Amino acid sequence: MATQIGTVIDGKYEILKQIGKGGMSTVYLAMDKRLNKQWAVKEIKRTGVGKNNEQIVNEVPADAEMMKRLDHPAIPRIVDIIDHKDEEYIYVVMDYVEGESLDKVLNEYGAQPQELVIDWAKQICDAFGYLHSQKPPIIYRDMKPANVMLKPEGNIKIIDFGIAREYKETNLADTTVLGTKGYASPEHYGSRQTDARSDIYTLGMTMHHLVTGVDPRPADYIYAPIRQWNPELSGGLERIIDKCVSPDPKDRYQNCNELLYALEHYTEEEDSFKKTQKRKLLMFIVSIALAIIFAITGLVTANLAKNAESNNYDVLVEINGQDYDTAISNINTAIQINKTDKRAYENFLSYIISDDNITEKESQGFSTIYNQLKATYTDGTYDEEFAKITYEAGMNNFFYYEFSSDSSTSERALKAIKYFENIKDGNFTESEMATNFYTICNFYKSDSGNGVETPDYKKQYEDVFDSIQKCIDYLDEYQESNANFVKAAMYKSTLDFVNTNIKYIASPNFGAVDKDTVLSLLDTIKQKADGINEVENEKSRAYQTKIYVLNNINNVRSTVETQYEHLEG
């Protein structure tokens, strides 16, 4: 019998209402009785209903464990898995995503504006690129409007990873035919193993449905280019979608970076643009021919072309003062000229923190171009230049992500963790501190950071305290131009960490950190915050953050003392 409203799962999660149902599972909205926080709880029947029982749900926790290590803004986090072997159901607890699925948007409003669809597709493309970059790559396999949630602020989340799988190089084909008819690629049906190009196919069919409003699932559906349904749609977008859904994977975009670049430049595929380009090409050929006639050798022409390309790169990466869309477009164009030149990545990273704040859009934009840089290291062996950029990306996300919106340390940590993780085990200048920041970020990603008791929670609190102290000491010698803000932000994050987690920190059954250690840490940050004397502009982020720490530290100290007194009493 399915779970009833009001049931408390595992003594923690009270079921409030059903919010979704699929062939293999039911999803409920639940309230965490300890944290007073809402989660989505997916209830999965232990025995599947497929023919000959070929779908064994015992494999689902393995997929959930696979998802627990993921960290991307378009992918919900899994925070708990409840798998009692003697019970009929398995429960997976994950982020509750507010909003409306795109299939409901289609049902209510019909075909969507192409600019909106392209924006959604770029977000999905970035998420797929992240999944495909995992080792081994993760193939989503079931992209369709019903599996994309549109959040109130306009961003999207991909839901239902029930049939996601890790790509296995030794497999010739998938062991189970899974996917949604109409959206699924030919290889979904067993002709070969699904791979990154299969996800590109399903994304192409999803875009087709969204811009045309034509559902591909009915048996009598016959694919036709989007402008046969609506002549007003872009010819460039039509060519992109047609390439995505080519029957042969070799004819599709080979990775999400290629598709993302095409989506960002879809207007360049228009017929009128191509005609203009042909005229420009003809003029260019004439110019080159004249140059060859008057050049001493062909080598001169080659050198001129090389210099022109280099000069063009130099111009493109100078993005200070540009609006965001222009800046990222120029940076992407520069990267296509030279993927290994680090200036594009360094300049864009500097650009997005120039206002002491990184927005969600800017964070996603850098993540996309960073993945392109990472992909150039085909053997996974990084150098100091890559490590430096990676470390700065982690630091900037940890301290600046949505800072103007007063984001939590947890939100910023989850943005930064992937960068620190990439270099923490290396032999780079930044590896030691990357390890400490990774420990802090991983705490917020872990069950302990969500107030869930785990076998190693005591060690996690000990480790995070040690890493916080090391990071604070390290920042004493930090000499960057933004040093005052970074120091103040670190002290604020530490203060918020203690204030938010004190009942767990003090608990002998949870954190078990002694009172003197906690108070000593608070005394340290108070002294260091008070010592930031170079801040003259009272409107600056550094000054305001420093004042926040000094104004709140006594209250937090009082909370700490009260918590320990309660335990001692």
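Residues numbered from 1 in each chain as written. Predicted model: local features only at pLDDT ≥ 70, side-chain atom pairs only at ≥ 80, totals over all residues. Heavy atoms only, no water.

### So, the confidence of the model for the protein chain
- A residue-level look at the protein chain finds 81% of positions with pLDDT of 70 or above and a mean pLDDT of 82.
- Of all the helices and strands in the protein chain, strand β11 (residues 165-166) carries the lowest mean pLDDT, 54, while helix α4 (residues 196-212) carries the highest, 94.
- Here residues 50-58 scores under 50 on pLDDT; set against residues more than four positions off or in separate chains, the count is 13 contacts.
- Scored below 50 in pLDDT, residues 167-177 makes 22 contacts in the model with residues more than four places away or belonging to other chains. (pLDDT = per-residue confidence, 0-100. Helix = DSSP H or I, 4+ residues; strand = E, 2+ residues; numbered from the N terminus. Contact = heavy atoms within 4.5 Å.)

### Some details on the nonpolar core
- Within the largest apolar cluster, 85 residues are counted, with the highest numbers of intra-cluster contacts made by F399 and M490.
- No other element matches helix α17 (residues 483-506), which puts 14 residues into this core.
- For M490, the contacting residues outside a window of four places in its chain are F398, F399, F437, I440, I468, C471, I472 and L475.
- Counting 57 residues, the second largest nonpolar core, distinct from the first, contains I118, I124, M205 and L263. (Core = buried A, V, L, I, M, F, W, Y, C linked by side-chain atoms within 4.5 Å. Buried < 20%, exposed > 50% of the residue type's maximum accessible area, 1.4 Å probe, protein only.)

### Looking at the packing of aromatic side chains
- With the rule as written, the count across this model stands at 23 aromatic pairs.
- Measuring from ring centre to ring centre gives 4.2 Å for Y382 and F386, while their planes differ by 25 degrees; the resulting arrangement is stacked. Exposure class is identical for Y382 and F386. Each is buried.
- Between F443 and Y444, the aromatic rings sit 5.4 Å apart at their centres with planes inclined by 80 degrees, giving edge-to-face as the arrangement. (Phe/Tyr/Trp six-rings, centres within 6.5 Å; stacked < 30°, edge-to-face > 60°.)

### Some points on α17
- For α17, which comprises 24 residues, the first-to-last C-alpha distance of 32 Å matches the rise-based estimate of 34 Å (1.5 Å per residue) to within 8%.
- In α17, a bend of some 60 degrees at T500 exceeds every other bend along the element.
- Extensive coverage of α17 is indicated by the burial of 20 of its 24 residues. (Expected span 1.5 Å × (residues − 1). Bend = angle between axes of the 7 residues up to and from the residue.)

### Considerations on the pairing of strand β5 (residues 78-82)
- For β5, the buried fraction is high: five of the five residues fall into the buried class.
- Pairing geometry for β5 and strand β6 (residues 89-95), over four bridges, is antiparallel. Bridged to I82 within β6 is Y91.
- Hairpin connection between β5 and β6: a loop of six residues separates the two successive antiparallel strands. (Pairing = 2+ DSSP bridges.)

### Looking at the environment of A184
- Here A184 is to be found in the loop between β11 and α4.
- Take A184: its relative accessible area is 8%, and that puts it in the buried class.
- Between the C-alpha atom of A184 and that of V245, which follows or precedes it by 61 residues, the distance is 9.7 Å.
- Discounting chain neighbours no more than four positions away, the residues touching A184 are Y189, Y201 and T202.

### A short note on unusual backbone geometry
- The omega angle of the peptide bond from K135 to P136 is 0 degrees, so this bond is cis rather than trans.
- Secondary-structure assignment places P136 in the loop between α3 (114-132) and β8 (138-139).
- Despite not being glycine, N36 shows a phi value in the positive range, around 55 degrees.
- Relative to the helices and strands, N36 resides in the loop between β3 (25-32) and β4 (37-45).
- If you check the backbone angles, D356 has positive phi at about 60 degrees while not being a glycine.
- Note on placement: D356 falls in the loop between α11 (343-352) and α12 (360-375).
- For D356, a relative accessible area of 29% puts it in the partly exposed group.

### Points about the pattern of salt bridges
- In this structure the tally under the stated criterion is 22 salt bridges.
- Bridged by salt links that share partners, the residues D10, K12 and D80 form one connected network. (Salt bridge = Lys/Arg side-chain N within 4 Å of Asp/Glu carboxyl O.)

### Thoughts on the side chain of T545
- Along the polypeptide, T545 turns up in helix α19 (residues 541-568).
- Setting aside residues up to four positions removed in sequence, T545 forms contacts with F403, F485, A488, A489 and K492.

### Considerations on the packing of α11 against helix α13 (residues 384-400)
- For the pair α11 and α13, the least separation of the axes is 11 Å and the interaxial angle reads 15 degrees. Taken together, α11 and α13 sit at an angle that is classed as roughly parallel. Here α11 runs over α13; the crossing is left-handed. Contact with α11, carried on its side by Y345, E346 and L349, involves I389, E392, A393 and N396 of α13 and no other residues of that element.
- Tallied by class, residues from the contact of α11 with α13 come to four nonpolar, one polar and two charged. (Axes fitted to C-alpha atoms, helices over the stretch in contact; angles between N-to-C directions. Parallel < 35°, antiparallel > 145°, perpendicular 65-115°, else oblique. Left-handed = near helix turned anticlockwise from the far one by under 90°. Nonpolar A, V, L, I, M, F, W, Y, C, P; charged D, E, K, R; others polar.)

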